[in-house]
Amino acid sequence: MDKAMRLQVSRKKRNPRLTFGLLCVALPALMLLSMLIGRYPVRLDELLQWLVSLFVGTADSTVSHVLSDIRLPRVAAAVVVGMGLASAGSAYQGVFRNPMVSPDILGASAGAGFGASLGILLGLSAFWVQQLSFALGLAAVIVTSVLSAMASSRGSKTLVLILSGMVVAAMFSAMIAIAKYAADPYSQLPEITFWLMGGLSGITGTRLLTTLLPFGISLTALLLIRWRINVLSLGEEEALALGVNVRLIRGFVVVCATMLTSLAISLCGQVGWVGLVVPHIARMLVGANYKRLLPVTALLGGVFLLLVDNVSRNLLAVEIPLGILTALIGAPLFVFLLLRGKRGWL
């Protein structure tokens, strides 16, 4: 009884509209702040002058180069990757009705990692390494889906799909190890290793622009059908009773979430914990209704990864890989959320 009363009080304290509004203000404000800080400091008046120069006039060439060619692509990529991984993780958790599910559950992360490793091994340019990473991330999920369809004549289809994803992820992880074994230890192996640790240092405007259209389509599609994720989270029998085509909607959500995951990983490498931790924080703030949860999760993911990237490039004299920082921050935070889960937040 006391627990139920505490849950009721905590729900009353939630203000989803206020949270959403604050995040809508915080994200652009943090993006502007991120444009100012770095190895080459930029003053606020220089940033404003650069913004004006985008429409009329000219700006200082050095400041313009730093902001246009380095800071802007990196800041935008951090937001895109954070929003993509967080939204994908939240969607997967709803579809599979499991709060421990993360975006790499179906093998997309391992597939994308092998694609990048193979591209580096073949000596491809950074652009084609990204495209190959994206393609093999999708291919890994396709293999998972086919394997699941072949093996799910009996038992839980969701469980078989998750187990298939684990098998495919293990297979691609082994192929990454083979690629690292075959790589030149003085040039290719360090490049593969640093890519797998994650980072945004090599982001360019061209690489980012190739992902914006599929990213926008996938995220918009998830937002448009987020109320159906609510129905799926009730269970398959309940969803069928409400007239929802479970197989179609689940497949559609998985495709969109996989696109977001593969796009994000192809941009920044294997960055973990974002898609696992951020949805839980968002659920703690606004509740489990996907009508509110998914937009807040997307915004919070962008804020979270942008903050982590700022720490990555400013804390030490050398840049810290994103994957290391997200693990160092995400793991203790997730332990904290697990302990708080006794109060019904997980």
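Report on the accompanying structure. (Residues numbered from 1 in each chain as written. Predicted model: local features only at pLDDT ≥ 70, side-chain atom pairs only at ≥ 80, totals over all residues. Heavy atoms only, no water.)

### Let's talk about the overall build of the protein chain
Moving on, step 1. Check the secondary structure of the protein chain and you find 15 helices and 0 strands.
Moving on, step 2. Seen along its three principal axes, the alpha-carbon backbone of the protein chain occupies a region of about 65 × 50 × 35 Å.
Moving on, step 3. With 346 residues in all, the protein chain has 49% of them scored as buried.
Moving on, step 4. In the protein chain, once contacts between residues fewer than 6 apart in sequence are set aside, the share between residues at least 24 apart is 75%.
Moving on, step 5. By element, 69% of the accessible surface of the protein chain is carried by carbon and sulfur atoms, the whole surface being about 16,800 Å².
Moving on, step 6. Computing the positive centroid from 27 side-chain charges and the negative centroid from 13, the protein chain places the two 15 Å apart. (Helix = DSSP H or I, 4+ residues; strand = E, 2+ residues; numbered from the N terminus. Buried < 20%, exposed > 50% of the residue type's maximum accessible area, 1.4 Å probe, protein only. Contact = heavy atoms within 4.5 Å. Areas by Shrake-Rupley, 256 points an atom, 1.4 Å probe, with all protein chains shown as cover. Lys, Arg positive; Asp, Glu negative; His and termini not counted. Charge placed at Lys NZ, Arg CZ, Asp CG, Glu CD.)

### Structural notes on the pattern of salt bridges
Moving on, step 1. Counted under the stated rule, the structure contains 5 salt bridges.
Moving on, step 2. Residues Asp 45 and Arg 43 are paired through a salt bridge, measuring 3.0 Å at the closest nitrogen-oxygen approach.
Moving on, step 3. The class for Asp 45 is partly exposed, based on a relative accessible area of 43%.
Moving on, step 4. For Arg 74, the salt bridge identified is with Glu 319, shortest N-O distance 2.8 Å. With a gap of 245 residues between them, Arg 74 in helix α4 (residues 61-96) and Glu 319 in the loop between α14 (290-314) and α15 (322-340) connect regions that are remote in the sequence. (Salt bridge = Lys/Arg side-chain N within 4 Å of Asp/Glu carboxyl O.)

### Overview of helix α8 (residues 188-197)
Moving on, step 1. Every buried residue of α8 is listed here: Gln 188, Ile 192, Trp 195 and Leu 196. Along α8, the residues classed as buried sweep out an arc of 95° about the axis, all on the same side.
Moving on, step 2. Against the buried residues of α8 lie α5 (108-121), α6 (126-151), α7 (157-182) and α12 (246-268).
Moving on, step 3. Positive backbone phi, at 85°, marks Gly 198, one or two positions downstream of α8. (Arc of directions from axis to C-beta.)

### Some details on the side chain of Arg 74
Moving on, step 1. By relative accessible area, Arg 74 is classed as buried at 9%.
Moving on, step 2. Within polar-contact distance, the side chain of Arg 74 engages the side chain of Glu 319 at 2.8 Å.
Moving on, step 3. Those residues in contact with Arg 74, other than ones at most four positions away along the chain, are Leu 200, Ser 201, Ile 203, Asp 309, Ser 312, Arg 313 and Glu 319. (Polar contact = N/O pair within 3.5 Å; in protein donor to acceptor, adjacent residues only side chain to side chain.)

### Points about the packing of aromatic side chains
Moving on, step 1. Following the criterion strictly, the structure yields 4 aromatic pairs and no others.
Moving on, step 2. Ring centres of Phe 127 and Trp 128 lie 5.1 Å apart, and the angle between their planes is 85°; this geometry places the pair in the edge-to-face category.
Moving on, step 3. What makes Trp 128 exposed here is its relative accessible area of 51%. (Phe/Tyr/Trp six-rings, centres within 6.5 Å; stacked < 30°, edge-to-face > 60°.)

### Description of the nonpolar core
Moving on, step 1. In this structure, Tyr 92, Phe 96, Leu 106, Val 253 and Val 274 are the most contacted members of the largest nonpolar core, which totals 85 residues.
Moving on, step 2. Tallying contributions element by element places α4 first for this core, with 18 residues.
Moving on, step 3. Among all residues touching Val 253, those that are not within four sequence positions of it are Ala 91, Val 95, Leu 222, Ile 225 and Ile 229.
Moving on, step 4. Counting residues in hydrophobic clusters, the runner-up holds 17 residues, among them Ala 110, Ala 112, Leu 136 and Trp 195. (Core = buried A, V, L, I, M, F, W, Y, C linked by side-chain atoms within 4.5 Å.)

### Structural notes on helix α3 (residues 44-53)
Residues spaced three or four apart along an α-helix point in a common direction, a consequence of the helix completing one turn every 3.6 residues.
Moving on, step 1. Among the residues of α3, Glu 46, Leu 47, Trp 50 and Ser 53 are the ones counted as buried. Along α3, the residues classed as buried sweep out an arc of 120° about the axis, all on the same side.
Moving on, step 2. As for α3, its buried residues are in contact with α2 (16-36) and α4.

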